[in-house]
Structures are given as structure tokens and as C-alpha cells.
Amino acid sequence: ALVPHVEKAEAAIEPHVDRAGVPLGIVYPLAMMPQLYNVWALERTAGLSGITYGIGLAAALTWTAYGLIHRNKPIWMINLIWIVLHGAMVAGLLR
């Protein structure tokens with residue numbers, strides 16, 4: 001068990017982290033939009049690694065399965081977004 005002051009601090013911060021988690025999980029993928037624009041609209045792929053995005057896709061698939069198995073809606077919903085984004089990057093790099 002955690003020492004009492006750590007448990008108290010954890011209890012105090014937990015609701016704030018929970019409230020921030022889902023919005024950040026939705027906003028963070030927006031950071032990938034410039035890359036998708038470069039790959040799909042401008043057809044610029046120099047310096048981008050298909051391996052990196054392939055691993056990201058595999059990780060998102062794994063986390064989605066984990067979230068579904070454990071009935072953790074925020075985990076599987078956020079990772080569905082990542083599946084779409086990484087899938088789009090891999091498809092764009094392979095075309």
C-alpha cells in the first residue's frame with residue numbers, strides 16, 4: 001500500500017487527470033494532420049518511416065483490443081482514432 005500522504009495526493013489529483021485524459025486523447029491526434037496533408041495532398045514522403053507508422057498502427061490495434069476486453073471506453077475510442085490515422089499514413093506511404 002502507498003504511504004498515506006501519497007494516497008491522499010493521488011486521490012486529489014485523480015479526478016483532474018481523468019477529466020483531462022479524454023479531451024487530450026482526442027486533441028493530440030490532430031498533431032498528425034500536417035503529416036497526413038504532406039503525404040496525401042502534397043505527396044511528400046521523404047524522411048517518413050513506414051516502419052514507425054506500422055508499429056504505431058500495431059500498437060493502436062493492441063490498445064484497442066485491450067480497451068474492448070477490459071471495457072475501458074476511453075482507451076478503445078482514442079485508439080480507434082489512432083488506427084485511422086496510422087492506417088492512413090501507412091496507406092499513403094505505400095501508394
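Higher on the page you've got the structure.
Note that the structure is a prediction, hence the values are computed from the model and not measured. (Residues numbered from 1 in each chain as written. Predicted model: local features only at pLDDT ≥ 70, side-chain atom pairs only at ≥ 80, totals over all residues. Heavy atoms only, no water.)

Undergrad: Looking at this model, I keep getting lost on the overall build of the protein. Mind explaining?
TA: Summing up its helical and strand segments, the protein has four helices and zero strands in all. Start at the N end of the protein and walk to the C end: the helices and strands fall as α-α-α-α. Its C-alpha atoms give the protein a radius of gyration of 17 Å, more than 25% over the compact-globule value 12 Å for 95 residues. In terms of principal-axis extent, the alpha carbons of the protein reach across some 55 × 25 × 20 Å. Taken over 95 residues, the protein has a buried fraction of 20%. Intrachain contacts of the protein at a sequence separation of at least 6 include 65% that bridge at least 24 residues. A total of about 6800 Å² of accessible surface is found on the protein, and carbon and sulfur atoms cover 70% of it. In the protein, which carries 6 positive and 5 negative side-chain charges, the distance between the mean positions of the two groups comes to 10 Å. (Helix = DSSP H or I, 4+ residues; strand = E, 2+ residues; numbered from the N terminus. Rg over C-alpha atoms; globule rule 2.2 N^0.38 Å. Buried < 20%, exposed > 50% of the residue type's maximum accessible area, 1.4 Å probe, protein only. Contact = heavy atoms within 4.5 Å. Areas by Shrake-Rupley, 256 points an atom, 1.4 Å probe, with all protein chains shown as cover. Lys, Arg positive; Asp, Glu negative; His and termini not counted. Charge placed at Lys NZ, Arg CZ, Asp CG, Glu CD.)

Undergrad: Which parts of the structure should I look at to understand helix H1 (residues 4-27)?
TA: Residues that lie three or four places apart on an α-helix share one face, since the helix turns once every 3.6 residues. With 24 residues, H1 should cover 34 Å at 1.5 Å per step; its first-to-last C-alpha distance of 35 Å lies within 8% of that length. Taking the largest bend as the criterion, H1 deviates by roughly 35 degrees, centred on Ile13, and proline Pro15 comes between one and four positions later. (Expected span 1.5 Å × (residues − 1). Bend = angle between axes of the 7 residues up to and from the residue.)

Undergrad: For this particular structure, what's the right way to read unusual backbone geometry?
TA: Leave glycine aside and you will find that most residues have negative phi; peptide bonds, for their part, are mostly trans. Positive phi, close to 55 degrees, is recorded for Glu43, a residue that is not glycine. Within the secondary structure layout, Glu43 lies in the loop between helix H2 (33-40) and helix H3 (50-69). Take Glu43: its relative accessible area is 58%, and that puts it in the exposed class. The backbone phi angle of Arg71 is positive, close to 55 degrees, even though this residue is not glycine. By the element assignment, Arg71 lies in the loop between H3 and helix H4 (73-94).

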